[in-house]
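An overview of the molecular structure
If you want the building blocks of each chain, they are given just below.
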Amino acid sequence: SSSSFSIPLSWLSAIPNSTSGTATVTLTTLSDSTVVGAVTYSFTITAPSTVVPSLGTFSASRIDGDVPSAWGVYVQSKSKAQVSISGASGIYGSSIASYTITGAGYSASSSSLTTGFLLDSGSISFMGIVTDTRGRMASASISIDVKPYTAPIFSNAAALRCLSTGSEDDEGTYLKMLAYFACSSVDGKNSASCQVQYRQGSSGVLSSAVNLASGSAAVVGAGSIAVDASYEAVFTLTDAISAVTRVVDAGSAAYTMHFLSGGAGVAFGKAAEIVNC
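This text gives an overview of the structure that appears in the document.

1. Let's talk about the sheet that holds strand β15 (residues 218–220)
Strand order in the open sheet formed by three strands is β11-β12-β15, with antiparallel pairing between adjacent strands. The open sheet has two free edges, formed respectively by β11 (153–162) and β15, since each of these has just one partner strand. Across the sheet, the mean angle from the axis of one strand to that of its neighbour is 25°, orientation sign disregarded.

What follows is the structure, encoded as structure tokens:
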């Protein structure tokens, strides 16, 4: 005669650190109620391939930094991500032995990964893996969408002497300011503004700021730009995340030869400004 017995998976709780173990079965012979013999056999039980840990929840959240939180998006080179595994658990007695999270060029051997700045745009994938004490693994992946971004840029910026009408004139007592610029739109969430100031020389006091639209000139100085001094224009371009500054030489009035008042200095092609030079 024969008999069969299905081994319950609950028996695996006796081997939480291995995928297999030894079990025994004893065949006992009875005469009435008296034991007249017994034989014991050993055999191996193996955890089925379906017995794997549970990864739980795999999720990502934004670290906005300089990015306005109201935008609700990841921004290239400005955002970070926190990627986490929560609620992972073993099965039939096993426990979680290790975690691995990788993605965007970063990795962590823990249940949480905080990336550095996300340097690429587009769909960025992360992989999470948990391994239990049997060496069995469970994995999951998630993706985030990173919007492309670069700091705002000037394609050109210029400052020229002019008349009050804006007509360029080498001996003008006004300055004509002009800039062309652009910024990353970030799905229409971002915009840039430009302001310009001027100063005499490179260390003078900056004037009040004037707003500039890209490609539209502004005439500044109110006739007070000295013909015998050089000037600088300072353009500042700002979007919601970054600011960029460009300094442009506005020049001095053009002369073939010019003597400093009192004859203590001379210059060719510009106004003399330095004593004994």
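2. Brief notes about the pairing of strand β16 (residues 231–238)
The buried fraction of β16 amounts to six of the eight residues, a majority that puts the element mostly inside the structure. Where strand β13 (residues 193–200) lies against β16, eight bridges are found, and the strand directions are antiparallel. What sits directly across from Cys194, in β16, is Leu237. Two elements, β16 and strand β17 (residues 243–251), share eight bridges in a ladder whose sense is antiparallel. Considered in β17, the bridge of Tyr231 is made with Gly251. Taken together, β16 and the strand that follows it, β17, pair antiparallel across an intervening segment of four residues.

3. Structural notes on the sheet that holds strand β8 (residues 112–114)
One open sheet holds the three strands; their spatial order is β3-β5-β8, and the pairing between them is antiparallel. Looking at strand neighbours, the two that pair on one side only are β3 (57–63) and β8, the edges of this open sheet. Taken pair by pair, the neighbouring strands of this sheet meet at an average axis angle of 10°, ignoring direction. Sheet topology places β3 next to strand β5 (residues 80–86); seven bridges connect them, and they run antiparallel. Bridged to Phe58 within β5 is Ile85.

4. Brief notes about the pattern of salt bridges
All chains considered together, the criterion is met by four salt bridges. In this structure, the salt-bridge partner of Arg62 is Asp64, at a minimum N-O distance of 3.0 Å. For Arg62, a relative accessible area of 32% translates into the label partly exposed. Given a relative accessible area of 15%, Asp64 falls into the buried group. For Asp145, the salt bridge goes to Lys147, with nearest N and O atoms at 2.8 Å. According to the relative accessible area criterion, Asp145 is partly exposed, its value standing at 42%.

Conventions used here
- Residues numbered from 1 in each chain as written.
- Predicted model: local features only at pLDDT ≥ 70, side-chain atom pairs only at ≥ 80, totals over all residues.
- Heavy atoms only, no water.
- Pairing = 2+ DSSP bridges.
- Helix = DSSP H or I, 4+ residues; strand = E, 2+ residues; numbered from the N terminus.
- Axes fitted to C-alpha atoms, helices over the stretch in contact; angles between N-to-C directions.
- Buried < 20%, exposed > 50% of the residue type's maximum accessible area, 1.4 Å probe, protein only.
- Salt bridge = Lys/Arg side-chain N within 4 Å of Asp/Glu carboxyl O.

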